[in-house]
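Residue strings, one per chain:
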Amino acid sequence: MSAEFERIAVLGIGLIGSSICHAVKKFGGAKDIVGHAKSAETRKIALELGLVSKVFDSPVDAVKGADLVILCAPIGACGAIAAAIGPTIEPGAIVTDVGSVKGAIVRDCAPHIPKHAHFIPGHPIAGTEQSGPRSGFADLFQNRWCILTPLPGTDEAIVAKLENFWQRLGSKIDRMSVEHHDLVLAMTSHLPHLIAYNSVATAADLEEVTQSEVVKFSAGGFRDLTRIAASDPTMWRDVFLNNKEAVLEMLGRFMEELSMLQRAIRWGDGETLFNLFTRAREIRKGIIAAGQDTAAPDFGRDPSHKG
Ligand code: NAP
């Protein structure tokens, strides 16, 4: 089945939505891209940048004639969008999303997708701390994983077509269950963001003099946490509200390990500290070996942070 769609409707034109538009223009995958954005400002920018051929105030108008619909709004907004577009989705169309949590998307969106269409939840594991329609770029998905979580009974040929589409944009594909996705991402993405937000908040609560020193000497590690903590507050609020159980499970484990470290520091147990740090270093080496980052001292990110 060809991975070429007649018309893609991108609903929500922020970092991920605009990157999909750029990537399709560069690598193919559709003859036409139309979009919907909530604000007039974003709609104006989308046309100005040539991201879409047409932009609509209403998601309902955007999905007319589309054989691929991609929900790219914050997780908390997707249910209402799905409810609005449900009656207008074309027969045979694929409806997918890019949300960072899959259980909540299935809960909120699946009931609104008509039987004559195919709903396949998805999540490109690619992003930056930037947001909005100007932040996207065509190479965002290059060599990054895209996880699809097809629901039981989904037509295999349809899933393969969507996989093919993401591969054209540069992604490597993995498939897993909705529940497993949410548990894995709680550890690899959601917990690190929570720790970064909390570390930065702790520094912000320090007395003024110490705080200015934190900024001055931030290259000691703090700077890298602030990059993660600069991520979009709406998106991350929605992630934690919608992946509660998995995040609390991973947070519990994290706090047990942290208590163990606290105890090792208190009792001068250098061996425990050394062993844990050595294990952590091995994981970092594994990530570099898997091509998920580079060993460059700046983490291989270019100055525009588009890495
Ligand atoms: P973003 O840059 O903040 O863009 C969000 C877009 O959604 C904006 O175009 C916004 O419209 C629109 N929107 C917000 N509320 C809406 C509503 N009620 N109805 C319709 N549109 C609405 O966010 P993003 O980073 O692209 O994230 C979008 C999705 O991708 C999220 O579900 C997130 O979990 C997922 N994701 C993000 C990353 C990442 O690193 N950022 C990575 C993978 C997946 P206006 O501009 O008009 O306000």
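These figures come from a predicted structure and were not determined experimentally.

**Concerning the overall build of the protein chain**
Part 1 of the reasoning: Secondary structure summary: the protein chain contains twelve helices and nine strands in total.
Part 2 of the reasoning: Against the compact-globule benchmark of 19 Å for 307 residues, the protein chain has a radius of gyration of 21 Å, which places it among compact chains.
Part 3 of the reasoning: Expressed as lengths along the three principal axes of its C-alpha atoms, the size of the protein chain is roughly 65 × 40 × 35 Å.
Part 4 of the reasoning: Buried positions account for 43% of the 307 residues belonging to the protein chain.
Part 5 of the reasoning: Counting only contacts in the protein chain whose residues sit at least 6 apart along the sequence, the fraction spanning at least 24 positions is 74%.
Part 6 of the reasoning: Summing over all exposed atoms, the protein chain offers an accessible surface of approximately 15700 Å²; the carbon and sulfur share of this is 58%.
Part 7 of the reasoning: Side-chain charges of the protein chain comprise 32 positive and 36 negative groups, with the mean position of each set lying 3 Å from the other.

**Here's the deal with the site of the ligand**
Part 1 of the reasoning: As a structural note, the neighbourhood of the ligand is formed by 27 residues, with L15, S39, T42, S100 and G132 the closest of them.
Part 2 of the reasoning: Here an oxygen atom of the ligand sits 2.9 Å away from a polar atom, N or O, in the main chain of I13.
Part 3 of the reasoning: Calculation on the ligand without its partners gives an accessible area of 910 Å², and the protein chains cover 84% of this total.
Part 4 of the reasoning: In terms of residue count, the dominant contributor to the shell around the ligand is helix α4 (residues 75–85) (three residues).
Part 5 of the reasoning: When the residues that make up the shell around the ligand are grouped by side-chain class, the tally is 13 nonpolar, twelve polar and two charged.

**What about the pairing of strand β2 (residues 30–36)?**
Part 1 of the reasoning: Among the seven residues of β2, six are classified as buried, and the element is accordingly described as predominantly covered.
Part 2 of the reasoning: Sheet topology note: the strand β1 (residues 5–11)/β2 ladder contains six bridges and is parallel. Bridging from a neighbouring strand, R7 pairs with D32 of β2.
Part 3 of the reasoning: The handedness of the β1 to β2 crossover, carried by helix α1 (residues 15–27), is right-handed.
Part 4 of the reasoning: Examined bridge by bridge, β2 and strand β3 (residues 54–56) share three bridges and lie parallel to one another.

**So, the sheet that holds strand β9 (residues 172–175)**
Part 1 of the reasoning: Strand order in the open sheet formed by three strands is β7-β8-β9, and the pairing between neighbours is mixed. The open sheet has two edge strands with one neighbour each: β7 (122–124) and β9. Neighbour-to-neighbour, the strand axes of the sheet open up by a mean angle of 20°, direction not taken into account.
Part 2 of the reasoning: Two elements, strand β8 (residues 145–148) and β9, share four bridges in a ladder whose sense is parallel. In the sheet register, L148 faces β9, and the bridge partner there is R175.
Part 3 of the reasoning: Where helix α6 (residues 156–168) meets the sheet, its contacts fall on β7, β8 and β9, and the angle it forms with β9 comes to roughly 145°.

**Regarding the domain arrangement of the protein chain**
Part 1 of the reasoning: Partitioning the protein chain into domains gives domain 1 (5–176) and domain 2 (180–291).
Part 2 of the reasoning: For domain 1 and domain 2, the distance between their C-alpha centroids amounts to 30 Å.
Part 3 of the reasoning: Taken residue by residue, the interface counts 20 residues in domain 1 and 17 residues in domain 2.
Part 4 of the reasoning: Together domain 1 and domain 2 conceal approximately 1300 Å² of surface at their shared face, both sides included; 59% is due to carbon and sulfur atoms.
Part 5 of the reasoning: Taken together, the connections running from domain 1 to domain 2 amount to one salt bridge.
Part 6 of the reasoning: Of the charged contacts, one joins E129 and R227 as a salt bridge, the two residues approaching to 3.1 Å between their closest N and O atoms.
Part 7 of the reasoning: There are seven residue pairs in polar contact (both at pLDDT 80 or more) connecting domain 1 and domain 2.

**Some words on the pattern of salt bridges**
Part 1 of the reasoning: Evaluation of the coordinates by the stated rule reveals 16 salt bridges.
Part 2 of the reasoning: For the salt bridge of R7 with D32, the shortest nitrogen-to-oxygen distance reads 3.1 Å. Of this pair, R7 sits in strand β1 while D32 sits in strand β2, placing them 25 residues apart in sequence.
Part 3 of the reasoning: Here R7 falls in the buried class, since its relative accessible area comes to 19%.
Part 4 of the reasoning: What you see here is one network of salt bridges that share partners, running through E156, E163 and R175.

**Some words on the packing of α4 against helix α10 (residues 233–242)**
Part 1 of the reasoning: One can describe the packing of α4 onto α10 by two numbers: an axis separation of 7 Å at closest approach and a directional angle of 80°. Our classification of the angle between α4 and α10 gives roughly perpendicular. Residues I75, G76 and A77 of α4 pack against D238, V239 and N242 of α10.
Part 2 of the reasoning: Taken together, the residues that form the contact of α4 with α10 break down as three nonpolar, two polar and one charged.

Reading the values: rules and limits
- In this convention, every chain numbers its residues from 1, walking through the sequence in written order.
- Only residues with pLDDT of at least 70 get local features here, since the model is predicted, and only at 80 or more are side-chain atom pairs given and counted; chain-wide, interface and lining totals rely on the full set of residues.
- Heavy atoms throughout the structure, all of them, feed into the side-chain values; hydrogens and water do not.
- Where helices and strands are cited, they refer to DSSP runs of H or I of at least four residues and of E of at least two residues respectively, numbered from the N terminus.
- Radius of gyration here is computed from C-alpha atoms only, and the compact-globule reference equals 2.2 Å multiplied by the residue count raised to the power 0.38.
- Each residue is assigned to one of three classes by its accessible area relative to the maximum for its type, calculated with a 1.4 Å probe on protein chains only: buried under 20%, partly exposed between the two thresholds, exposed over 50%.
- The contact rule is simple, with two residues in contact once any of their heavy atoms fall within 4.5 Å.
- Here the accessible surface of atoms and residues is derived via Shrake-Rupley with a 1.4 Å probe, and residues count as covered only by protein chains that are part of the display.
- Charged residues are defined narrowly, with Lys and Arg counted positive, Asp and Glu counted negative, and His plus the chain ends left uncounted.
- Where a charge sits is defined by one atom per residue type, namely NZ (Lys), CZ (Arg), CG (Asp) or CD (Glu).
- A cutoff of 4 Å decides nearness: a residue is near a molecule or strand if any of its heavy atoms lies inside that distance of it.
- Contacts described as polar in this section are N or O atom pairs within 3.5 Å, which, within protein, must combine one atom able to donate a hydrogen with one able to accept it, while residues neighboring in sequence count only if both atoms come from side chains.
- Three residue categories are used. Nonpolar comprises Ala, Val, Leu, Ile, Met, Phe, Trp, Tyr, Cys and Pro, charged comprises Asp, Glu, Lys and Arg, and polar comprises the others, including Gly.
- Strands were regarded as paired on the criterion that DSSP finds at least two bridges between them.
- When the strands point away from the viewer and the connection leading from the first strand across the helix to the second strand turns clockwise, the crossover is called right-handed.
- Every axis corresponds to a line fitted to the C-alpha atoms, with the helix fit spanning only the stretch in contact, and the corresponding angles, defined between N-to-C directions, vary from 0 to 180 degrees.
- The start and end points of each domain follow an automatic or database-based domain assignment.
- What counts as buried area is the accessible surface, traced by a 1.4 Å probe, that two parts surrender upon association, with contributions from both included.
- Any carboxyl oxygen of Asp or Glu within 4 Å of a side-chain nitrogen of Lys or Arg constitutes a salt bridge here.
- Angle categories are assigned with fixed cut-offs, so that under 35 degrees is roughly parallel, over 145 is roughly antiparallel, 65 to 115 is roughly perpendicular, and the rest are oblique.

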